[in-house]
Amino acid sequence: MSEATNSTPSDRDVLEGTGRHPDEWFAFLDMAGATKWQHAEFLSWFEANAAHVSTEWAESVTARYAAIRGLTISQ
């Protein structure tokens with residue numbers, strides 16, 4: 001991730017770190033029904049569908065998805 005003043009990676013950082021733009025991840029997660037998931041389900045989805053994405057990036061995309069969709073994700 002780039003050195004930024006906040007901890008939220010930019011769209012470019014996500015693209016470079018995961019190979020996809022955040023909007024692509026959000027569309028995939030929406031199609032999978034992620035608005036009803038708990039934390040572990042997100043990590044399982046990334047492991048099954050995007051194994052090339054590190055846990056750190058999966059967590060980052062998940063947090064950003066939750067914020068944008070107005071979700072509270074329990075662990």
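Residues numbered from 1 in each chain as written. Predicted model: local features only at pLDDT ≥ 70, side-chain atom pairs only at ≥ 80, totals over all residues. Heavy atoms only, no water.

*Asks:* Is there a simple way to explain the packing of helix H1 (residues 11–18) against helix H4 (residues 55–69) in this structure?
*Replies:* Angle between the axes and distance between the axes are the two parameters that describe a pair of packed helices. H4 packs onto H1 with a crossing angle of 145° between their chain directions and a minimal axis gap of 11 Å. Crossing of H1 over H4 shows left-handed handedness. Every residue of H4 that contacts H1 at Asp11, Asp13, Val14, Gly17 and Thr18 is listed here: Trp57, Val61 and Arg64. (Axes fitted to C-alpha atoms, helices over the stretch in contact; angles between N-to-C directions. Helix = DSSP H or I, 4+ residues; strand = E, 2+ residues; numbered from the N terminus. Left-handed = near helix turned anticlockwise from the far one by under 90°. Contact = heavy atoms within 4.5 Å.)

*Asks:* Can you walk me through the packing of aromatic side chains in this structure?
*Replies:* What describes a pair of aromatic rings is the distance from one ring centre to the other and the angle between the planes of the rings. The tally for this structure, following the rule as stated, stands at seven aromatic pairs. With a centroid separation of 5.8 Å and an interplanar angle of 50°, the aromatic rings of Phe26 and Tyr65 are classed as tilted. Here Phe26, found in helix H2 (residues 22–31), pairs with Tyr65, found in helix H4; they are 39 residues apart in sequence, far enough to count as distant. Judged by relative accessible area, which is 4%, Phe26 ranks as buried. (Phe/Tyr/Trp six-rings, centres within 6.5 Å; stacked < 30°, edge-to-face > 60°. Buried < 20%, exposed > 50% of the residue type's maximum accessible area, 1.4 Å probe, protein only.)

*Asks:* In this structure, what is going on with the nonpolar core? I would like to understand it.
*Replies:* The nonpolar side chains of soluble globular proteins are, as a tendency, buried together. Residues Trp25, Leu29, Phe46, Val53 and Val61 are the most contacted members of the largest nonpolar core, which totals 15 residues. Breaking this core down by element, the ones donating at least two residues are H2, helix H3 (39–49) and H4. Among all residues touching Val53, those that are not within four sequence positions of it are Thr18, Trp25, Phe46 and Ala58. (Core = buried A, V, L, I, M, F, W, Y, C linked by side-chain atoms within 4.5 Å.)

*Asks:* Sorry if this is basic, but what is going on with H2 here?
*Replies:* An α-helical turn contains 3.6 residues, so any two residues separated by three or four positions project in the same direction. Within the span of H2, buried status applies to Pro22, Trp25, Phe26 and Leu29. The arc that holds the buried residues of H2, viewed along the axis, is 100°, so those residues lie on one side. Turned more than 90 degrees from where H2 packs its buried face, Asp23 and Met31 sit exposed. On its buried face, H2 sits against H1, H3 and H4. (Arc of directions from axis to C-beta.)

*Asks:* Explain the side chain of Thr18 to me, please; I cannot follow it from the model alone.
*Replies:* With respect to the helices and strands, Thr18 occurs in helix H1. Owing to a relative accessible area of 3%, Thr18 belongs among the buried residues under this scheme. At a separation of 3.0 Å, a polar atom in the side chain of Thr18 contacts the main-chain carbonyl oxygen of Arg20. Once residues within four sequence positions are removed from consideration, Thr18 is found in contact with Trp25, His52, Val53, Trp57 and Val61. (Polar contact = N/O pair within 3.5 Å; in protein donor to acceptor, adjacent residues only side chain to side chain.)

*Asks:* Please clarify how the confidence of the model for the protein chain should be interpreted in this entry.
*Replies:* Detailed reading of the predicted coordinates is not advisable wherever pLDDT is low. Taken residue by residue, the protein chain gives an average pLDDT of 91. The fraction at 70 or more is 92%. The low-confidence segment residues 1–5, where pLDDT is below 50, has five contacts with residues more than four positions distant or belonging to other chains. (pLDDT = per-residue confidence, 0-100.)

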